[in-house]
Amino acid sequence: MSPSPRHIPWPLLVVHLGAWLPALNLAWHAYTGRLSVNPIQDLTFGTGLPALVLLLLSLAVTPAVTLFGWNWAIPLRRWLGLYAFFYATAHMLIFTVIDYGLDWAELYRQVLEKPYLLAGMGALLLMLPLALTSTKGWQRRLGKAWKDLHRAVYLAAGLAVLHFILLVKADLTEPLIYAGVLAGLLALRLPPLRRRLSAVRQKLRARLLPYRGKPERAGD
Ligand code: HEM
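Below, the structure is looked at part by part.

What counts and what doesn't
Residues numbered from 1 in each chain as written. Predicted model: local features only at pLDDT ≥ 70, side-chain atom pairs only at ≥ 80, totals over all residues. Heavy atoms only, no water. Patch = residues over 30% accessible without salt bridge, like charges linked within 9 Å, V, L, I, M, F, W, Y side chains within 5 Å. Areas by Shrake-Rupley, 256 points an atom, 1.4 Å probe, with all protein chains shown as cover. Salt bridge = Lys/Arg side-chain N within 4 Å of Asp/Glu carboxyl O. Helix = DSSP H or I, 4+ residues; strand = E, 2+ residues; numbered from the N terminus. Buried < 20%, exposed > 50% of the residue type's maximum accessible area, 1.4 Å probe, protein only. Polar contact = N/O pair within 3.5 Å; in protein donor to acceptor, adjacent residues only side chain to side chain. Contact = heavy atoms within 4.5 Å.

**Topic: a nonpolar patch on the surface**
A cluster of nonpolar side chains, namely Met-92, Leu-93, Val-97, Ile-98, Leu-102 and Trp-104, defines an oily patch on the protein surface of about 550 Å² accessible area. Of the residues forming the nonpolar patch, the biggest block, four residues, is contributed by helix α3 (residues 74-99). Within the secondary structure layout, Val-97 lies in helix α3. Judged by relative accessible area, Val-97 falls into the partly exposed class, the value being 38%.

**Quick look at the side chain of Thr-47**
You can see Thr-47 is positioned in helix α2 (residues 39-68). Here the side chain of Thr-47 touches Leu-43 through a polar contact of 2.7 Å, landing on its backbone oxygen. For Thr-47, the side chain forms a polar contact with the main-chain oxygen of Thr-44, separated by 3.0 Å. Those residues in contact with Thr-47, other than ones at most four positions away along the chain, are Leu-26, Tyr-87, Ala-90, His-91 and Ile-94.

Below, the structure is given as structure tokens:
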């Protein structure tokens, strides 16, 4: 009897499907000739925004576990991070290869001239080792150092938001909303707030589920 196909939990299926949507949408627009008069900007924006959203979603997992006890979301974090890295890399390649044809002298000049590019580069360079060491094997190999290394995601997200803030010339509303979301996600990690939220959840849980259960330890 053939072995049953590997069961993919539906939340992970949603992450895979959701993560591919922006790329499929861009490919479809390119294929049907419906990109704007500035197709390179469409591709740059169409990869930059998903990279940032996916990165923030990966940072939302820990607070979701603390707040709601959603331990099932923990395995999603790695994939959200990897897809963020995928889009950020595509985003960088659109800029360096398609937009500037790997003209290193011109790219160097651009980076010196535009601080937002430096912030974007910093974010991507920090995401690289996180993507490379996202496997269980590396987690085992690095032990405690793995957790320390993966705290770099906070700085990567900060630089990505700064990148967005610095590149916007007029209305800062959108990048500031992302900055607010990031600040909230980081604040929810602060031990005093985390302990308080976890206690609130336990109380709520005890009140809602009238059974005596050992308080759960908030997933990390
Ligand atoms: C070497 C790395 C990077 C380069 C060269 C780069 C380059 C760019 C460029 C040229 C733009 C468009 C600027 C404009 O036309 O006004 C842009 C926009 C953007 N980038 Fe990056 N970027 C990099 C890394 C990143 C990373 C790591 C993220 C997120 C994780 C990111 C997120 C964004 C976002 C959200 C936008 C604005 C999109 C929009 O307005 O819809 N970028 N980037």
